[in-house]
Amino acid sequence: MATAQSRLAGRRVVITGVSRGVGFEVAKRFLAEGAEVLGVARSRANLARAGRALRAYGRAYTSLLADVALPTSAARVAAAVKRRWGALDLLLNNAAVNPGSAAFEADRDLEATLRVNVLGPHRMMKALLPLLRKGHYPRVVNVSSGAGDRHSIETGKDMSAYRLSKWSLNGLTRLWANELKGQVSVVGMDPGWVKTDMGGPQAPDSPTLSAQRALEIALLPPHVTGSYLCGAREGSW
């Protein structure tokens, strides 16, 4: 029976948006459970700050400065994974942006949001797929949001770029899951409405809850794919 500190022993994990919020807490939890983590973020200062906090886990944690919005970043991450492990077990596409609360953001906001929240995960999956296929029960977890479910799309009147990006990410998750069925598990994750820089101080959930949900998803059997998950519990797209 697996015990604390060992449930993810030997698992090789990439986490984008690792420098703060949900990504940082997931990295801490996964490392505490025995995983090896490569953390990716675009802010040099934030990545260094996170690294100082995660240094307690020694060589199990390494980081890479990269912006998932840039088309070249996925290949850089894949090269780093190949050098370090030669294979990958879990990719957590967590990096995301939310430009604001206007009903219809400027075109530049929509484009920037889609580059990070949709194209970023797509490029990461595509670049890392050969390494995932070499992994142990490989899985991709795309961090979505309740703001992008069907009900929110039909009723929401703010955060249009963010809502659209998460709705699109949900569709992307389903498409990749169908494409890779029997090879790589691909699922969406609802992290909750989380008290972070993006979620705001009024959010009811903490990043530690999101980390617990991510852990539950990581421990699910490999046949679970194409689902939208709140931890081990299946939610609604």
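Up top is the structure.
These notes cover the structure that comes with them. Since the structure is predicted, the reported quantities are computational estimates derived from the model, not experimental observations.

### Observations regarding the overall build of the chain
For the chain, the count of helices and strands is seven helices and eight strands. A buried classification covers 51% of the 237 residues belonging to the chain. Carbon and sulfur atoms make up 53% of the accessible area of the chain, which totals about 11,300 Å².

### Here we look at the side chain of N142
Here N142 shows up in strand β5 (residues 139-143). At 2.9 Å, the side chain of N142 forms a polar contact with the side chain of T173.

### Observations concerning a nonpolar patch on the surface
Judged by side-chain polarity, I153, L164 and W167 come together as a nonpolar surface patch covering roughly 240 Å² of accessible area. The topology assignment puts L164 in helix α6 (residues 160-179). The class for L164 is partly exposed, based on a relative accessible area of 35%.

### A look at the pairing of strand β3 (residues 61-65)
Summarising the sheet, strand β2 (residues 36-41) and β3 pair through five bridges and their orientation is parallel. Following the sheet pairing, V40 is matched in β3 by L64. One crossover worth recording links β2 to the parallel β3 by way of helix α2 (residues 44-54), and it is right-handed.

### Comments concerning the nonpolar core
In terms of nonpolar packing, the biggest core is built from 32 residues, with I15, V26, F30 and V37 touching the most fellow members. If you list the elements that add at least two residues to this core, you get β1 (12-16), α1 (21-32), β2, α2, β4 (90-93), β5, β6 (185-189) and α7 (207-218). Those residues in contact with V26 that lie beyond four places of it in its chain are I15, L92, S210, A211 and A214. With 28 residues, the next largest nonpolar core counts A80, L91, V140 and L169 among its residues.

### Quick word on unusual backbone geometry
Unlike most non-glycine residues, Y137 shows phi in positive territory, near 45°. With respect to the element layout, Y137 can be found in the loop between α4 (107-132) and β5.

### Remarks on the sheet that holds strand β7 (residues 228-230)
Strand order in the open sheet formed by eight strands is β3-β2-β1-β4-β5-β6-β7-β8, and the pairing between neighbours is mixed. The two strands at the open ends of the sheet, each matched to only one other strand, are β3 and β8 (233-234). Where α6 meets the sheet, it contacts β5 and β6, and its direction lies at approximately 160° from that of β6. Lying on the sheet, α7 is in contact with β4, β5, β6 and β7; it crosses β6 at an angle near 160°.

### Quick word on the environment of G182
Structurally, the position occupied by G182 is in the loop between α6 and β6. Looking at G182, the relative accessible area reads 84%, which means it is exposed. Separated by 40 residues in sequence, G182 and P222 have C-alpha atoms that sit 8.7 Å apart.

### Section: the environment of L31
Among the structural elements, L31 can be located in helix α1. Along the chain, L31 and V13 lie 18 residues apart, while their C-alpha atoms are 9.6 Å from each other. The contacts of L31, once residues within four sequence positions are left out, are V37, L54, Y57, A60 and Y61.

### Here we look at the packing of α1 against α2
With their axes 11 Å apart at the nearest point, α1 and α2 run at an angle of 25° to one another. Between α1 and α2, the interaxial angle falls into the category roughly parallel. Like other packed secondary-structure pairs, α1 and α2 cross with a definite hand, here right-handed. Two secondary-structure elements touch here, α1 through F24, A27, K28 and L31 and α2 through A50, A53 and L54. In terms of residue class, the contact of α1 with α2 is made up of six nonpolar, no polar and one charged.

Quick notes on the rules
Residues numbered from 1 in each chain as written. Predicted model: local features only at pLDDT ≥ 70, side-chain atom pairs only at ≥ 80, totals over all residues. Heavy atoms only, no water. Helix = DSSP H or I, 4+ residues; strand = E, 2+ residues; numbered from the N terminus. Buried < 20%, exposed > 50% of the residue type's maximum accessible area, 1.4 Å probe, protein only. Areas by Shrake-Rupley, 256 points an atom, 1.4 Å probe, with all protein chains shown as cover. Polar contact = N/O pair within 3.5 Å; in protein donor to acceptor, adjacent residues only side chain to side chain. Patch = residues over 30% accessible without salt bridge, like charges linked within 9 Å, V, L, I, M, F, W, Y side chains within 5 Å. Salt bridge = Lys/Arg side-chain N within 4 Å of Asp/Glu carboxyl O. Pairing = 2+ DSSP bridges. Right-handed = clockwise from strand over helix to strand, strands pointing away. Core = buried A, V, L, I, M, F, W, Y, C linked by side-chain atoms within 4.5 Å. Contact = heavy atoms within 4.5 Å. Axes fitted to C-alpha atoms, helices over the stretch in contact; angles between N-to-C directions. Parallel < 35°, antiparallel > 145°, perpendicular 65-115°, else oblique. Left-handed = near helix turned anticlockwise from the far one by under 90°. Nonpolar A, V, L, I, M, F, W, Y, C, P; charged D, E, K, R; others polar.

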